[in-house]
Each structure stands twice: as structure tokens, then as C-alpha cells.
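Here are the chains, one letter per residue:
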Amino acid sequence: MKAERIAELERIAKEIRKLTIDEIGYLGVGHIGGAMSVVEVLTLLYHETMRVDPGYPRDPDRDWLVLSKGHAGPTLYATLALKGFFPKDWLHSLNKGGTKLPSHCDRNLTPGIDMTTGSLGQGFSAAMGIALGLSMEGRKSTVYAIIGDGESDEGQVWEAAMFAAHRKLSNLIAFTDFNKQQLDGTTKDILDLESLDDKWRAFGWFTQRVDGHDMAALDKAIQAAKAQAGRPSMIVMDTIKGKGCNFAEALLSNHNMSFGMDEARAAIAALGGAALGGDALGGDALGGDALGGDALGD
Amino acid sequence: MESKEMRAAYADTLIELATTNRDIVVLEADLMRATGTGSFQKLFPDRLVNVGVAEANMVGVASGLSATGKIPFASTFACFASRRVFDQFFLSANYARLNVKLVGTDPGVTAAYNGGTHMPFEDLGLMRTIPGLTIVEPSDPASCAAFVRLAAAMYGCVYLRLPRKAAAFLYPAGEKFEFGRAKRLKEGKDLVFAALGSLMVGECLKAAQVLAGEGVEAGVVDVLCLKPLDEVTILTAAKATGRIISAENHQVMGGLGSAIAELLAEHRFGGGFKRIGIRDEFGEVGTQDYLVKRFGLGAPDLADAARKLMKES
Ligand SMILES: Cc1ncc(C[n+]2csc(CCOP(=O)(O)OP(=O)(O)O)c2C)c(N)n1
Ligand SMILES: [Mg+2]
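As the structure is a prediction and not an experimental result, all values here were calculated from the model.

Conventions and cut-offs
Residues numbered from 1 in each chain as written. Chains lettered and ligands numbered in written order. Predicted model: local features only at pLDDT ≥ 70, side-chain atom pairs only at ≥ 80, totals over all residues. Heavy atoms only, no water. Helix = DSSP H or I, 4+ residues; strand = E, 2+ residues; numbered from the N terminus. Rg over C-alpha atoms; globule rule 2.2 N^0.38 Å. Buried < 20%, exposed > 50% of the residue type's maximum accessible area, 1.4 Å probe, protein only. Contact = heavy atoms within 4.5 Å. Areas by Shrake-Rupley, 256 points an atom, 1.4 Å probe, with all protein chains shown as cover. Lys, Arg positive; Asp, Glu negative; His and termini not counted. Charge placed at Lys NZ, Arg CZ, Asp CG, Glu CD. Buried area = accessible area lost by both parts, 1.4 Å probe. Salt bridge = Lys/Arg side-chain N within 4 Å of Asp/Glu carboxyl O. Polar contact = N/O pair within 3.5 Å; in protein donor to acceptor, adjacent residues only side chain to side chain. Nonpolar A, V, L, I, M, F, W, Y, C, P; charged D, E, K, R; others polar. Domains from an automatic or database assignment. Near = heavy atom within 4 Å. Donors = N, O, S within 2.8 Å, 3.2 Å for Na, K, Ca; no water. Pairing = 2+ DSSP bridges. Axes fitted to C-alpha atoms, helices over the stretch in contact; angles between N-to-C directions.

A.B. asks: Can you explain the overall build of chain A? Please cite residues and give values.
C.D. replies: In terms of helices and strands, chain A carries 11 helices and seven strands. A compact globule built from 298 residues would reach a C-alpha radius of gyration of about 19 Å, and chain A, at 18 Å, matches this within 12%. If one aligns the C-alpha atoms of chain A with their principal axes, the spans along those axes are about 50 × 45 × 40 Å. Residues counted as buried form 59% of the 298 residues belonging to chain A. Sequence-distant contacts, at least 24 apart, represent 75% of the contacts inside chain A between residues at least 6 apart. Accessible area of chain A: about 10800 Å², with a carbon and sulfur share of 51%. Across chain A, the centroid of the 30 positively charged side chains sits 5 Å from that of the 40 negatively charged ones.

A.B. asks: Help me get a handle on the interface of chain A and chain B, residues and values and all.
C.D. replies: Across the contact, 30 residues belong to chain A and 21 residues belong to chain B. With both sides pooled, the region where chain A packs onto chain B buries about 1900 Å², and carbon together with sulfur makes up 49% of that total. Summed over the three residues of chain A that lose the most area to chain B, namely Glu-154, Leu-183 and Asp-184 of chain A, the buried surface amounts to 30% of that side. Between the two partners, chain A and chain B, sit one salt bridge. Scanning the region where chain A abuts chain B turns up 20 residue pairs in polar contact (both at pLDDT 80 or more). Residues that form the side of chain A that touches chain B fall into these classes: seven nonpolar, 18 polar and five charged.

A.B. asks: Go over the domain arrangement of chain B with me, naming the residues and quoting the values.
C.D. replies: Buried accessible area, meaning the area lost when the parts come together, often serves as the stated size of an interface. Residues and elements named next belong to chain B. Here chain B is partitioned into domain 1 (3–168) and domain 2 (183–312). The C-alpha centroid of domain 2 is placed 26 Å from the C-alpha centroid of domain 1. Listed as interface residues are 33 residues of domain 1 and, on the opposing side, 32 residues of domain 2. Where domain 1 abuts domain 2, roughly 2400 Å² becomes buried across the two surfaces, and 60% of that area is made up of carbon and sulfur atoms. Our count for the contact surface shared by domain 1 and domain 2 stands at one salt bridge.

A.B. asks: So, the site of ligand 1: which residues are in play, and what are the values?
C.D. replies: Neighbouring residues of ligand 1: 25 residues in total, closest Lys-69, His-71, Asp-149 and Lys-241 of chain A together with Glu-55 of chain B. Neighbouring residues of ligand 1 are distributed over chains A and B. Between ligand 1 and Leu-120 of chain A there is a distance of 3.0 Å, counted from a nitrogen atom to a backbone nitrogen or oxygen. Side-chain polar atom of Glu-55 of chain B to a nitrogen atom of ligand 1: 2.5 Å apart, as the coordinates give it. Its free accessible area being 600 Å², ligand 1 has 99% of it covered by the protein chains. Grouping the amino acids of the shell around ligand 1 by side-chain chemistry returns five nonpolar, 11 polar and nine charged.

A.B. asks: Residues and numbers for the coordination of the magnesium ion (ligand 2), please.
C.D. replies: The protein atoms donating to the magnesium ion (ligand 2) are Asp-149 of chain A (OD), Asn-179 of chain A (OD1) and Gln-181 of chain A (O), with metal-donor distances spanning 2.0 to 2.1 Å. Classification of Gln-181 of chain A by relative accessible area gives buried; the value is 15%.

A.B. asks: Give me the lowdown on the sheet that holds strand E2 (residues 64–67) of chain A, citing residues and values where you can.
C.D. replies: What links the strands of a sheet is backbone hydrogen bonding, and the strands pair in either a parallel or an antiparallel sense. Residue and element names in this part refer to chain A. One open sheet holds the five strands; their spatial order is E2-E3-E4-E6-E5, and the pairing between them is parallel. Sheet topology places E2 and strand E5 (206–211) at the edges, where each strand pairs with a single neighbour. The average undirected angle you get between the axes of adjacent strands in this sheet is 20°. Where strand E4 (residues 172–178) meets strand E6 (residues 233–238), six bridges bridge the pair, whose relative direction is parallel. Across the sheet, Ile-173 pairs through a bridge with Ser-233, a residue of E6.

A.B. asks: Pulling in residues and values, what's your account of the environment of Leu-44 of chain A?
C.D. replies: Residues and elements named next belong to chain A. Position of Leu-44 among the secondary structure elements: in helix H3 (residues 39–49). Here Leu-44 falls in the buried class, since its relative accessible area comes to 0%. Leu-44 has contacts with Met-1, Leu-9, Thr-49, Met-215, Leu-218, Asp-219 and Ile-222, leaving out every residue within four places of it along the chain.

Quick look at the structure:
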């Protein structure tokens, strides 16, 4: 990927980060930690890699994404909104009664969401089924799936892992958000996953390990995964829980936090650019400086 | 009115029990911060087993621990404690006649912002079909503490349905509780509400107050124990007034409404009967207040049902 394109994607990632902080801060509580650690991968997938059409979310020839760690829904909503799947002001309806943006992803409520998730482990199996179904139909689509490291405690993840390798699901590219934190503490203290790469390799997956906040490295890994034949791919991303949201990143425990617009505004300002502000999504600042320039609506 | 977090009542009681009983162990599946048993872990680090996000394994491990004489209390959100581990709890714990206390937190609409995926309206229905299982939903911090003590003292599996949030005390600290015994919280000659859990008992008490202003005297039975059900208290109250309304933060199918319907039908109760609860719907996201209105669980809904019942019968 060209340096300019990388810089452009990094700028979009920053906007998605800001929108997500604003989205959760406006509500006052949410899964900020795990939302921040998947910003780069979602930016890259939706703004570079995946074949999707915001005007035709259920296009049968699209690429699919299953966000199996469904509690990071708010980041995906910000990503989809920037891509044009729905108006950005929806972001302020997060978790409100009657909303189309619930805390965990819902394929029946939100344009662009391919699978309902929230019970950890289940989305990953569904991704296997989607990959299998698409290959049965002879479609060229790729299925992307994102799981958490804590989520990887679930036995279901490893049932799916064996299944995908056995079925040679090479149209499946999965990511582990290895932020080393789950809800009650570090993965090392709660249930040690290491050596995670070796586990995936032993399960028959083409396994790579990259810095999950490095756009170029992520892109390279995806290209390498796409070139694989006959086996599924796992990209283990080293990430930081809370990445880029200053007050959250500074904490050891940031899984689910209460915070308001004052903290959100300060965190957004620290990312450079104007703070979006509590009413920004519903009002004037939208599309202004805060969202950067032209390329964001694409 | 004095109140206390229900999860604090749970954790404090576990600490009290563990101090004198070394067999008490607590299991968590990466939701200790939600359940609030961190205080237990501080005092008994070796007796809090956090298995990670692996509920099925947790219930299996709890079953095995109980086979060695331990008394495991295992908790997770009620949606996972029921749906996700039903087979493990059914077979490894109950069918194997072991001694596992399973605690499901954030039942029904109290799951609020976690949304529809996390909102169990069916856990009681599932659990009620397990032979011999004891099922309790305490209505206040005092009954919560008491039933945790009773569960520890009794050999056999228990499902404890537990909202995490603060609830008002309805009973004094020394109040005696028993499995299979409901409490008559309020007498009333016109009709009786039979309510399960702190949310619904609270709403029924409010509805009774509204109705009193209209000259309708409504009683309230705090059911507490769904299984075994206090058939005598419920049937007596229903027959005395001729009208009964069940109230649960759960599907009307399979839970309290069904249990009372079965009881009334088998005993030829000819009076008026209505069920308040969720009507064949999935949960959704929102504040608890929004969801109480959305699913018709609030005092106004209960009062409406009472008014209709007064007209009809
Ligand atoms: C089956 C299931 N069990 C428990 C939960 C509650 N829960 C939500 S997030 C979480 C921790 C997940 O950790 P991880 O996968 O590492 O997420 P991240 O660090 O990316 O936020 C838990 C236990 C759940 N959603 N689903
Ligand atoms: Mg994690």
C-alpha cells in the first residue's frame, strides 16, 4: 500500500476513534476498552479491503464481517456510519429505547451488520457457517471474523477452529484482538492463552502475528492470508485495550466504563482536531473540521 | 427506605459462610467484576476460581468440585447460566445428584443496556423443568442473604436468580425464610398479586397503593421460591379474594404465570386470573425504566390488569 493511502486510512481511523468515544460518552457508559482496540482493523477492512456497498448492505456478492466480540459494536457502527451505511447522527441513539444501534451487534436492526453477536464464541461458529455456505454457492466473497482474546476461553471457539481447518475454509480470515485483557483482569492471570500462535498453527490455520494498530502490517497480513489456499487464516493482532482514548488507555481496567461528554471531549481533543461535542452528531459540527475532509463519506 | 445492592448481599453472605465453612468455593466466568465477588476473592483468594469466559466448563468444574465435598456457588449472567450451560447444569450437576448452586445475575429487563442478547426471559422456564431443582428469586437484600445461607446448608442444586442492583429492604435482618415458603407482604380483600423478584414485588406494592386510592384492596404475596412453589399460600390467597394476578420479570410461559395457572387449574379455581410478564417476545436494549414500560411490567400495567379483573369477575 502506498504511504499516502496509509496516511489516509490512519486519518479515517482517528475519526472512527473520535466518533466512537463520542458515541459512548454521549450515552455515558460502554465497552470503551475493547472498542478502541479494533479501530484499525475495522477501518482497514471497511475502507480498503472489503467489497461492500453502503447502498446495498445485503449484496449477495459482498464480503462479510462477523464481529464475534459483539460488545465492540459501537466501533463498527462508527465505521459503518462513516462509510455511509446510515446517517452519523444515529450514533447518538446508542442503546436508547427503540434504537437501531444496540450495545451488541444485531443483524436485524443495523444496516451493514452481517451477524447478531453478544454471547461470546457464537459469532465465530456462525462465521464458519457463512464461509461454508458461500463456498457451497461458489461465491468469491471473503468472510472476516474478529474474536477477543478473552472470548478465546470459550470451548466453542476451538470447536469452530477444528471445523474450519477440517473443511479447508480458505475464504475465512479471522483476527484475534490480543489486547491481553479480559473483563476481570489480564488474560495471563485469568486464563493464560499462550502460546496463542502455536495453538492456531496446531489447529491447522495459516497463522500470522502483527501489530494490530499498524495499518501497513495489517494490510500485508491480509494480503498474505488471501493468497492462501486450502486453509483458514488467523491474524493474531497485538493490541492495546483502550488504545487512543487517553483516560481509558491509562487504566489497567477499562473494559466497561462510565464517562460523560467532558471526558469524551478531552479525549477527542487529545486525538487532535476539534472535539465533536455532545450535540455534534446531531448538529452543526458534523462534516465540519471534526470529521476531517472529503474522503470520509466514501 | 434502607436499601443495599443485591450483589453485595450475595457476596457478604458468601464471606460470612466461608469464614466458618471451608468447603464454600466461588466460581466465576470472567464476570466477577459484575457479580461483585471481588470482596470474597480478597479474603479467600484460593477459594475463588475464575475459569475465564467459559461457562460450560465452569458448571462442569463446579459439579466435580461438589463431588469432592465442596459447596460451589457459580455465577454468570442469567442468560448464560440458563441457556448457555443448560445441559451441563442439567446433567453434570442435577442428574448426577451433585450439589451446585448456580447464580444467574441480571435477569429479565434488569439486563438493560446489555440488550436483547443478554436478556433472559426464559431462564425460569428452562430451570423449572429440571427434576428436583430448587429455584429462588429473592425480593430484597435480607431474603437474598437468607436464601444463600439456606442454599449452602442444603444438599442439592439451587438456581438463584439475582438482580445486581440495589433493592429496598422488605424484611428485617432476623426474618426467617424457608424454601417453598412465600410471604404475605400485604393483605387485601379484593384481589391478590403473586410476585416474583425485587422488581415485580416493588411494582406490585406500588400498584396496590394506587388501587387503594380507588377503593380496591389488593394484597401482595412475595413468592420468593418458584420451586417448590408455596401452593398453600398462593391458593389460599386466590380463593380468599377470588382474584389473582401473577407478576414476573420473565416470559409468562414456563415461569411463575404458568406455575400458578397449573396450580389453579388443578384445584378448580373458578375465579379471575391474569398474568403479567413478557408475552412471547425477545428482549431489547434500553434503560430498565424504558423496558419496564415497553414490556408492560410496571405498576400502571398491574393496576390496569387489576381494574379489568375487578370488572370481569
Ligand atoms: C458467553 C459470554 N459470556 C460472558 C460474556 C460477558 N462478557 C462480555 S465481554 C467479556 C470479556 C471479553 O474479553 P475479550 O474477549 O478479551 O474482549 P475485549 O478485551 O476485546 O473487550 C465478557 C466476559 C459474554 N458477552 N458472553
Ligand atoms: Mg481482550
